[in-house]
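Letter by letter, the chains look like this.
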Amino acid sequence: MSRITVSTLQQMKDAGEKISTITAYDASFARQFDNAGIHAILIGDSLGMVLQGESDTLPVSVDDICYHTRCVRNGVNNTLVLSDLPFMSYATPEQTYANAAKLMQAGANMVKLEGGAWLYETVRGLVDRSVPVCGHLGLTPQSVNVFGGFKVQGRNSKKAEEMIDHAKGLEAAGIQLLVLECIPTELAKAITDAVSIPVIGIGAGNVTDGQILVMHDALGISYGKVPKFSRNFLAETGNIEDAIKLYIKDVNSGTFPAPEHGFS
Ligand code: KIV
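Residues numbered from 1 in each chain as written. Predicted model: local features only at pLDDT ≥ 70, side-chain atom pairs only at ≥ 80, totals over all residues. Heavy atoms only, no water.

What should I look at first to understand the pairing of strand S8 (residues 210–213) in this one?
Consecutive side chains along a regular strand alternate between the two faces of the sheet. Side chains Gly 210 and Ile 212 project from S8 onto one buried face, and the interleaved Gln 211 and Leu 213 project onto a second face that is buried too. Here four bridges tie strand S1 (residues 19–23) to S8, and the two strands are oriented parallel to one another. Its bridge partner lying in S8, Ser 20 is registered against Gln 211. In the sheet, strand S7 (residues 199–202) pairs with S8 via two bridges, with the strands oriented parallel. Counted as the bridge partner of Gly 201 is Gln 211 from S8. (Buried < 20%, exposed > 50% of the residue type's maximum accessible area, 1.4 Å probe, protein only. Helix = DSSP H or I, 4+ residues; strand = E, 2+ residues; numbered from the N terminus. Pairing = 2+ DSSP bridges.)

Looking at this structure, I do not really get the packing of helix H4 (residues 62–75) against helix H5 (residues 93–106). What am I missing?
The description of two helices packed together rests on the angle between their axes and the distance between the axes. H5 packs onto H4 with a crossing angle of 20 degrees between their chain directions and a minimal axis gap of 8 Å. Comparing the axis directions of H4 and H5 gives the class roughly parallel. Here H4 and H5 pass one another in a crossing that is right-handed. The segment H4 lies against H5, with Val 62, Ile 65, Cys 66, Thr 69, Arg 70 and Arg 73 engaging Asn 99, Lys 102, Leu 103 and Ala 106. (Axes fitted to C-alpha atoms, helices over the stretch in contact; angles between N-to-C directions. Parallel < 35°, antiparallel > 145°, perpendicular 65-115°, else oblique. Left-handed = near helix turned anticlockwise from the far one by under 90°. Contact = heavy atoms within 4.5 Å.)

Mind showing me how you'd approach the site of the ligand here?
In the vicinity of the ligand, the contacting residues are Thr 23, Leu 42, Gly 44, Asp 45, Ser 46, Asp 84, Lys 112, His 136, Val 179, Glu 181, Ile 202 and Val 214. Here an oxygen atom of the ligand sits 3.2 Å away from a polar atom, N or O, in the side chain of Asp 84. Lys 112 places a polar side-chain atom, nitrogen or oxygen, 2.9 Å from an oxygen atom of the ligand. Contact with the protein chains hides 96% of the accessible area of the ligand, taken as 260 Å² for the molecule alone. Its residues assigned to classes, the shell around the ligand shows four nonpolar, four polar and four charged. (Near = heavy atom within 4 Å. Polar contact = N/O pair within 3.5 Å; in protein donor to acceptor, adjacent residues only side chain to side chain. Areas by Shrake-Rupley, 256 points an atom, 1.4 Å probe, with all protein chains shown as cover. Nonpolar A, V, L, I, M, F, W, Y, C, P; charged D, E, K, R; others polar.)

Would you take a moment to explain H5 for this structure?
Along an α-helix, residues three or four positions apart point the same way, because every turn accommodates 3.6 residues. Taking 1.5 Å per residue, 14 residues should reach 20 Å; H5 reaches 20 Å between its end C-alpha atoms and fits that length. All of the buried residues along H5 are Thr 96, Asn 99, Ala 100, Leu 103 and Ala 106. Down the axis of H5, the sector holding all buried residues measures 120 degrees, keeping them to one side. In H5, the exposed positions that point more than 90 degrees away from the buried face belong to Glu 94 and Gln 105. The inward-facing, buried residues of H5 contact H4, strand S3 (80–84), strand S4 (110–112) and helix H6 (120–128). (Expected span 1.5 Å × (residues − 1). Arc of directions from axis to C-beta.)

Honestly, the side chain of Asp 56 in this entry has me stumped. Any pointers?
By the secondary structure assignment, Asp 56 is in the loop between helix H3 (47–50) and H4. No salt bridge is formed by the buried Asp 56, whose closest oppositely charged neighbour, Lys 151, lies at an N-O distance of 14 Å. Here Leu 58 takes part through its backbone nitrogen, which lies 3.0 Å from a polar atom of the side chain of Asp 56. Beyond its immediate stretch of four places on either side in the chain, Asp 56 contacts Gly 48, Met 49, Val 144 and Phe 150. (Lys, Arg positive; Asp, Glu negative; His and termini not counted. Salt bridge = Lys/Arg side-chain N within 4 Å of Asp/Glu carboxyl O.)

Hey, could you run me through helix H9 (residues 185–194) in this one?
Listing the buried residues of H9 in full gives Leu 187, Ala 188, Ile 191 and Thr 192. The arc that holds the buried residues of H9, viewed along the axis, is 135 degrees, so those residues lie on one side. Every exposed residue of H9 that faces more than 90 degrees away from the buried side is listed here: Glu 186 and Asp 193. Each element contacted by the buried residues of H9 is listed here: helix H1 (6–15), helix H8 (157–173), strand S6 (177–181) and S7.

In this structure, what is going on with the pattern of salt bridges? I would like to understand it.
Here the structure, examined in full by the defined rule, presents eight salt bridges. For Lys 112, the salt bridge is made with Asp 84, and the minimal N-O distance between the two is 2.8 Å. Of this pair, Lys 112 sits in strand S4 while Asp 84 sits in strand S3, and the two are 28 residues apart along the sequence. Comparing Lys 112 with Asp 84 shows no difference in burial state: the two are buried. Glu 121 is paired through a salt bridge with Arg 124; the nearest N and O atoms lie 2.5 Å apart. Here the residue Glu 121 and the residue Arg 124 both occupy positions in helix H6, the gap between them amounting to three residues, near one helical turn. Among the residues examined, Glu 121 registers a relative accessible area of 56% and is labelled exposed. Overall, Arg 124 belongs to the partly exposed group, its relative accessible area being 33%. Sharing partners across several salt bridges, the network here consists of Arg 231, Glu 236, Lys 249 and Asp 250.

Here's what the structure looks like:
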């Protein structure tokens, strides 16, 4: 496999090939995921929950993400490395540019931020400064206090229309990848059809251009409640590399996620 870039992901969407991505936070797991052929690794602020044991992602700092980005970068050869800008690290343009620079210098190929219309200018500024950007809509965990919990988003038609508009607006601003989290499958399909960039889903059905899972969920090593949209691939295979190969295979064939993993 050759090195995956943002252009590779776009070519995959254009060719109708599914994109498989996962989170990782250290070199050892990242190496196994890279060997298995994963297309992108996200150093997600989910690390606040799965590594640090926090109840949400808000305590995660830019330094935390930089540290884990460097660890992952040291483990991979081909996979695209995507890093989260954590809560309140992109509230102003100057802060956004400084923090995105730290993530890129730690080894990221792209940064991800959560939100809709309020980010159009921010995305333009980053893209103008040569930072590839991934958007994130739906259940954006940094907004958990606004949502009143980790709840499926976009269930009413006004919110659904608004999300489609935000996806188009973010694309026009320059994002090159979009994550949709915990939204009805029908809405995920409408958004995927409405934009030309690759869309990857988590709890958004098998209708997007690809999938992302938190590694602890995909390997069945999370403590606490296992999300409905996840599947334990390690239980089915017995070793980590084969588990990720199975995940990629089932994303590719459209058998993962199955209807029972989605929302209506
Ligand atoms: O932080 C994270 O791991 C994420 C994924 C759930 C998409 O944002």
